[in-house]
Amino acid sequence: MKIYHTSYLEISKSALEHNIQYLKNFINDGVQISSVVKGNAYGHGLEVFVPLAENCGINHFSVFSADEALRVHNSISENSTVMIMGLINNEKLEWAIENNIEFYVFEPDRLEKALEAAKRIGKIAKIHIEVETGMNRTGFAMNQLPAVFQLLKNNSSHLCFKGLCTHFAGAENIANYYRIKKQQEVFRKVIKKVAAAGLNPEQKHTACSAAALRYPKFQMDMVRLGIIQYGFFPNKEILIEYLTKKKENKNPLQRLITWKSRVMDVKKVKTGEFVGYGTSYLANSDIKIAIIPVGYAHGFSRNLSNQGIVLINGQRVSVVGTVSMNMITVDVTYINSVEKGDEVVLVGKQGDLEISVSSFSEFSEQVNYELLTRLPENLPRLVVD
Ligand SMILES: *Cc1c(COP(=O)(O)O)cnc(C)c1O
């Protein structure tokens, strides 16, 4: 336990090794894996996660923004690549080019400014042209592409056409099947247009975790894998589909993250008393509660009031009362010996029992992605085997 903090996260090195090894089962030969580490490496701690991933042979990292790119840049070895999939302000383009940081270009202003910056510093900019295929978020529209291609051709000594890419609008839900198929058709057309323009991007890439699993043809030259490397399937639908196909019966991936704290106090509450703020929990009998120094400020959602479950002494106990900013109370009436200082597991294993992020997030109505990325950046992350 770190002295200053009230809870901490353990990040398992061997679980990541297992997952990366396992992912190779469904990633086609020769396809590069880009490890998506936006959102503080999905809450795992970017600076903690990146070196672990490099140890597993990963040498390509994707982030959303320039501030995240800077953090990755400061954590990687010489031969890893950083790619910004979202925003970099024009003022930071020179910095990116100077440091070999690749970035998405999805609108004309960014393209022109990247060209100017590359000319100014006399170094080639490695850009990924993102095309709009139907998500209606970022990406060049079809009718903008001829001008983009012309500019790339005229300036090949300043701009390297590193990638051609798009993103699917929810490949993890079969309900989106038709929409995704339409996006794929559009992307195929774009590929033809690029070739017809005499251009040859080094990498074509479209697939996130769900798309890599569900649409293997669209793995193309590179897959951008986020959630799955951390040991989670994007949602239950994809997990069940995958298990059915493989005739397996449990998630073959391993969760990296465990969230732990310790009991800060134990006390008795008499029949008829309320616990915590307000009147949301009434003790119907004499009970014993334990107080745990974790609350919504630490990422333990307020929706878990009177609903959440944690593990103490290898047993499941329920949150009683409202989640406070920094504390929760749990009912330990039926746990024999609970003492101040006992280990509490909020996510992960204790003894034979486990609280998975997904069961946790069902209660809190947060998906894996949201719960993970809301874990505060300042919680200590300790690497364990
Ligand atoms: C977040 C993101 C990914 C990774 O998504 P996962 O579902 O976590 O695999 C891939 N591509 C883009 C553009 C993203 O923003």
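Just so you know, these numbers come straight off a predicted model, no measurement behind them.

J.: Even after reading the chapter, I still don't get the domain arrangement of the protein, so can you show me in this structure?
T.: A common measure of how large an interface is: the accessible area buried when the components associate. By the assigned domains, the protein splits into domain 1 (13–246) and domain 2 (257–355). Placing a centre on the C-alpha atoms of domain 1 and another on those of domain 2 gives a separation of 41 Å.

J.: When you look at the packing of aromatic side chains in this model, what are you seeing that I'm missing?
T.: When we look at a pair of aromatic rings, we describe it by the centre distance and by the angle of the planes. Summed over the entire model, instances satisfying the criterion amount to 8 aromatic pairs. Ring geometry for tyrosine 42 and tyrosine 369: centres 6.0 Å apart, planes at 45 degrees, overall tilted. Of this pair, tyrosine 42 sits in helix H2 (residues 38–42) while tyrosine 369 sits in helix H12 (residues 368–373), and the two are 327 residues apart along the sequence. An aromatic cluster of at least three residues, connected via ring pairs, comprises Tyr42, Phe49, Tyr230 and Tyr369.

J.: Would you mind showing me how to read the layout of surface pockets here?
T.: Which parts of space are left empty comes out when a probe the size of a water molecule is rolled across the atoms. The calculated volume of the largest pocket comes to roughly 820 Å³. Gly231, Phe232, Asn251, Arg255 and Ser356 are, among the 29 residues lining the largest pocket, the residues nearest its centre. When residues in the lining of the largest pocket are grouped by element, the largest group, 4 residues, is from helix H11 (residues 357–363). Classifying every residue of the lining of the largest pocket gives 11 nonpolar, 11 polar and 7 charged. A volume near 560 Å³ is recorded for the second largest pocket. Surrounding the second largest pocket, 28 residues form its lining, Lys38, Met85, Arg137, His167 and Cys208 being those nearest its centre. Counting residues per element, the ones that place at least two in the lining of the second largest pocket are H2, strand E4 (81–87), helix H9 (209–214) and strand E9 (222–225). A total of 3 residues in the lining of the second largest pocket trace back to one element, the largest contributor, which is E4.

J.: What exactly am I supposed to notice about the pairing of strand E10 (residues 257–262) here?
T.: For a regular strand, the rule is simple: side chains alternate between the two faces of the sheet. Across the 6 residues of E10, 5 count as buried, placing the element largely inside the fold. Bridge count between strand E1 (residues 7–12) and E10: 5 bridges; the pairing is antiparallel. Within E10, the residue paired with isoleucine 11 across the bridge is isoleucine 257. Relative to strand E16 (residues 343–350), E10 runs antiparallel, the two sharing 4 bridges. Note that in E16 the partner of serine 261 across the bridge is valine 344.

J.: How do you make sense of the site of the ligand when you look at a structure like this?
T.: Around the ligand, the neighbouring residues are Val36, Lys38, Tyr42, Met85, His167, Cys208, Ser209, Arg224, Leu225, Gly226, Ile227 and Tyr369. One of the side-chain N or O atoms of arginine 224 is found 2.9 Å from a nitrogen atom in the ligand. With respect to the ligand, the side chain of tyrosine 369 contributes an N or O atom lying 2.7 Å from an oxygen atom. When each cavity is represented as a set of grid points, the ligand is found to reside in the second largest pocket. Residue assignment for the shell around the ligand shows that the elements contributing at least two residues are H2 and E9. Tallied by class, residues from the shell around the ligand come to 7 nonpolar, 3 polar and 2 charged.

J.: In this structure, what is going on with the packing of helix H3 (residues 46–55) against helix H4 (residues 66–73)? I would like to understand it.
T.: Angle between the axes and distance between the axes are the two parameters that describe a pair of packed helices. Running from N to C, H3 and H4 point in directions that differ by 55 degrees, and their axes come no closer than 9 Å. In this view, H3 runs oblique relative to H4, as classed from their interaxial angle. Crossing handedness for the pair H3 and H4: right-handed. For the pair H3 and H4, contact is made by Leu46, Glu47 and Val50 and by Glu68, Arg71 and Val72, respectively. Residue composition of the contact of H3 with H4, grouped by class: 3 nonpolar, no polar and 3 charged.

Cut-offs applied
Residues numbered from 1 in each chain as written. Predicted model: local features only at pLDDT ≥ 70, side-chain atom pairs only at ≥ 80, totals over all residues. Heavy atoms only, no water. Domains from an automatic or database assignment. Phe/Tyr/Trp six-rings, centres within 6.5 Å; stacked < 30°, edge-to-face > 60°. Helix = DSSP H or I, 4+ residues; strand = E, 2+ residues; numbered from the N terminus. 1 Å grid on protein atoms, 1.4 Å probe; cavity = no way out; pocket = protein on both sides within 12 Å on 5 of 7 lines; lining within 4 Å. Points joined across faces, edges and corners; volume = space filled by probe spheres on them. Nonpolar A, V, L, I, M, F, W, Y, C, P; charged D, E, K, R; others polar. Buried < 20%, exposed > 50% of the residue type's maximum accessible area, 1.4 Å probe, protein only. Pairing = 2+ DSSP bridges. Near = heavy atom within 4 Å. Polar contact = N/O pair within 3.5 Å; in protein donor to acceptor, adjacent residues only side chain to side chain. Sits in = over half its atoms within 2 Å of the grid points. Axes fitted to C-alpha atoms, helices over the stretch in contact; angles between N-to-C directions. Parallel < 35°, antiparallel > 145°, perpendicular 65-115°, else oblique. Left-handed = near helix turned anticlockwise from the far one by under 90°. Contact = heavy atoms within 4.5 Å.

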